[in-house]
Amino acid sequence: MPDKTATKTGKRFVSLKLKWALGTAIGTLLVSIVVIVAIFSFFTHDLLEQERTTMNHEMTVISRKLTDINEPLSKNNVPSVLAKEVFANPVKKNSAAIYHRPILQGLSNSRMNFFVYSQQGKLVFATDKPFRSFTKPTASSIDIVRGPHHRMMFGQMPVKDKSGKLIGYLQVEDQLNNYHDLYHRLMLVMLMALCVVFAFS
């Protein structure tokens, strides 16, 4: 009889140890998953905010240059003013110094495409073909929208002259290719980290 009691006590002790070990492993696994996902979310959100900040900066710089035109935007004044920035204070054409001026950094930004529209909504300047049709904005905005292959960033703003009168519109598109490349790399790193956590749990 005492032997049976000792056996039952031993089994109960082993069972408790097993449950404790299993509970600890599951708890550690869940905490690790939460931490990894939180870090992934933080980095991807930060990357997106950096893209948004860059677009906002480019829109501000170019809209100020368009404001200096101080008359309704058209094919007669917009291309010449933006082109003038490239050749103002001439430097060697193949020199990187030409891209140090803010507006040039915007227009030469391969990630973004810029479009300028007249008061009537007619396209007067473009660095590429727009993916989205134009709608007249009433205020500056930057949104994440559906693109041809994945989500893209889309910015719009009215352009006013120095007296505050509407003279046209500015539209900017960023397909977020850099963001999506980094997103997929981070996703791969996260999945690898999760596999390591599962393997050692």
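Residues numbered from 1 in each chain as written. Predicted model: local features only at pLDDT ≥ 70, side-chain atom pairs only at ≥ 80, totals over all residues. Heavy atoms only, no water.

**Considerations on a nonpolar patch on the surface**
Stated precisely, the cut-off is as follows: Here the term patch refers to residues with relative accessible area over 30% and no salt bridge, with like charges joined within 9 Å and nonpolar side chains (Val, Leu, Ile, Met, Phe, Trp, Tyr) within 5 Å. All accessible areas in this document rest on Shrake-Rupley with a 1.4 Å probe, and a residue is counted as covered only by the protein chains that are shown. Counted as salt bridges are all cases of a side-chain nitrogen of Lys or Arg within 4 Å of a carboxyl oxygen of Asp or Glu. Under the scheme used here, helices are H or I runs from DSSP no shorter than 4 residues and strands are E runs no shorter than 2 residues, and both carry numbers assigned from the N terminus.
A surface patch of nonpolar side chains, amounting to about 480 Å² of accessible area, comprises Val31, Val35, Ile39, Phe42 and Phe43. Along the chain, the position of Phe42 falls in helix 1 (residues 2–67).

**Quick word on the environment of Lys65**
For clarity, the cut-off: Under the scheme applied here, a residue whose accessible area is under 20% of the maximum for its type counts as buried, over 50% as exposed, and between as partly exposed, the area being computed with a 1.4 Å probe on protein chains only.
Assignment of secondary structure puts Lys65 in helix 1. By relative accessible area, which is 25% here, Lys65 ends up partly exposed. Counting along the chain gives 13 residues from Lys65 to Val78, while the straight-line C-alpha distance between them is 9.5 Å.

**Some details on the pairing of strand 2 (residues 123–126)**
What counts here: One requirement defines pairing of two strands: DSSP has to find at least two bridges between them.
As paired strands, strand 1 (residues 112–117) and strand 2 are joined by 3 bridges and run antiparallel to one another. Bridging from a neighbouring strand, Tyr117 pairs with Leu123 of strand 2. Connecting strand 1 to the next strand, strand 2, in antiparallel fashion are 5 residues, including Gly121 with a positive phi near 90 degrees.

**With respect to the nonpolar core**
Going by this rule: Among buried residues, the Ala, Val, Leu, Ile, Met, Phe, Trp, Tyr and Cys ones that are joined through side-chain atoms within 4.5 Å form a nonpolar core.
Counting residues in hydrophobic clusters, the biggest one holds 25 residues, and the most contacted among them are Leu66, Leu73, Val78, Val116 and Leu170. At the level of elements, helix 1, helix 2 (78–87), strand 1, strand 2, strand 4 (151–160) and strand 5 (166–174) are the ones that each hand at least two residues to this core. When residues in this core are grouped by element, the largest group, 6 residues, is from helix 1. Of all hydrophobic cores here, the second largest spans 6 residues; its members include Ile36, Phe40, Met190 and Leu194.

**Focus: the sheet that holds strand 3 (residues 141–146)**
The strands that make up a sheet are held in pairs by hydrogen bonds between backbone atoms, and each pair lies either parallel or antiparallel. Rule in force here: Only the stretch in contact is used when a helix axis is fitted, and all axes are lines through C-alpha atoms; the angle between N-to-C directions ranges over 0 to 180 degrees.
Pairing within the open sheet is antiparallel, and its 5 strands lie in the order 2-1-5-4-3. Among the strands making up the open sheet, the edge pair consists of strand 2 and strand 3. Direction aside, neighbouring strands of the sheet carry axes that sit 20 degrees apart on average.

**What about the environment of Ile167?**
Formally: Contacts are assigned to residue pairs that have any heavy atoms within 4.5 Å of one another.
By secondary structure assignment, the location of Ile167 is in strand 5. Placed 47 residues apart in sequence, Ile167 and Gln120 show a C-alpha to C-alpha distance of 9.4 Å. Apart from the residues within four sequence positions on either side, Ile167 is in contact with Leu66, Thr67, Asn70, Glu71, Pro72, Leu73, Ser118, Gln119, Val159, Lys160 and Asp161.

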